[in-house]
Amino acid sequence: MLRISKLTDYGTLIATHMAVTPTQVVSATELADALGLGLATVSKVLKALGRHGLVVSQRGTHGGYLLARPPEQISIADIVDALEDQPFGLTECSSGSGTCTLETGCRIRDGWLRINTVVREALQGVSIAEMTPPPRFADTSSPAAQHVLGPSRLVRHPG
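Read on for a plain summary of the structure. Nothing here was measured: the structure is a model prediction, and the numbers come from that model.

Vacant regions in the atomic arrangement are exposed by a probe of water-molecule size rolled over the atoms. Put simply, the second largest pocket is a space of about 340 Å³. Along the wall of the second largest pocket there are 13 residues; nearest its centre are R3, I4, F88, G89 and L90. A breakdown of the residues in the lining of the second largest pocket according to their chemical character gives 8 nonpolar, 2 polar and 3 charged.

Here it is, written out as structure tokens:
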């Protein structure tokens with residue numbers, strides 16, 4: 001099964017939360033509280049996003065983080081690149097040449113490279129602005145409200 005890491009999912013959640021008010025400086029603590037994530041996790045994600053130029057930090061009394069670019073200019077591929085341990089690739093050989101001993105004689109590598117390109121383009125074609133959740137609902141017990149809240153949104157709700 002194709003799956004992104006939990007950290008990348010959290011990175012997308014954090015970035016889309018920040019995209020709602022992209023010019024507002026927000027602290028790691030505020031993000032952790034708003035999204036129901038641990039402060040250490042949020043800090044780790046923000047550090048990685050900062051290293052890749054997706055967020056900038058501001059020091060001082062009212063310091064925190066804000067998006068480095070408009071949300072429309074940050075793609076899901078940017079988030080994946082910042083938070084995955086290795087270069088994007090569905091297979092070992094599609095993330096870079098010379099990583100597989102069977103590469104030179106492989107009959108299916110070209111097919112995987114084509115598929116990898118399609119998936120990569122799909123990730124590049126979706127911005128965090130497009131992933132931004134709708135406004136929160138006043139009744140946080142409703143299934144619709146649960147969908148836009150923190151990690152509990154990953155749990156399937158009956159119905």
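That covers the picture; the talk isn't over yet.
Attention now goes to the pairing of strand 2 (residues 64-67). Bridging between strand 1 (residues 55-58) and strand 2 involves 4 bridges; their strand directions are antiparallel. Each bridged residue has a counterpart across the sheet, and for S57 the counterpart in strand 2 is Y65.

We now examine helix 3 (residues 39-51). Taking 1.5 Å of rise per residue, 13 residues should cover 18 Å, and helix 3 covers 18 Å from first to last C-alpha, within 8% of that figure. Of the residues making up helix 3, those classed as buried are V42, V45, L46, A48 and L49. Projected onto a plane normal to the axis of helix 3, the buried residues spread over an arc of 165° and lie on a single side. Every exposed residue of helix 3 that faces more than 90 degrees away from the buried side is listed here: A40, K44, K47 and R51. Here the buried face of helix 3 lies against helix 1 (6-20), helix 2 (28-35), strand 1, strand 2 and helix 4 (76-83). Following helix 3 by one or two positions, G53 adopts a phi angle in the positive range, close to 70°.

Quick notes on the rules
Within any chain, residue numbers begin from 1 and follow the written order of that chain's sequence. Selection of residues for local features in this predicted model requires a pLDDT of at least 70, selection of side-chain atom pairs for listing and counting requires 80 or more, and totals for whole chains, interfaces and linings are taken over all residues. Hydrogen atoms and water are omitted, and side-chain values are computed over all heavy atoms in the structure. The distinction between a cavity and a pocket rests on a 1 Å grid over the protein atoms alone: a 1.4 Å probe fits inside a cavity but cannot get out, while a pocket stays open yet meets protein on both sides within 12 Å along at least five of seven lines, and a residue with an atom within 4 Å of a point counts as lining. Grid points are joined across faces, edges and corners, and a volume is the space filled by probe spheres set on the points. Throughout this entry, Asp, Glu, Lys and Arg are counted as charged residues, while Ala, Val, Leu, Ile, Met, Phe, Trp, Tyr, Cys and Pro are counted as nonpolar. The remaining residues, Gly among them, count as polar. By definition, two strands form a pair when at least two bridges between them are found by DSSP. Runs of E in the DSSP output that reach at least two residues are strands. Runs of H or I that reach at least four are helices, and both are numbered from the N terminus. Helix span is expected to be 1.5 Å times the residue number reduced by one. For every residue, the accessible area (1.4 Å probe, protein chains only) is compared with the maximum for its type, and the residue is labelled buried under 20%, exposed over 50%, or partly exposed between those bounds. Here, the arc refers to the directions that run from the helix axis to the C-beta atoms. Any pair of residues with heavy atoms lying within 4.5 Å of one another is described as a contacting pair.

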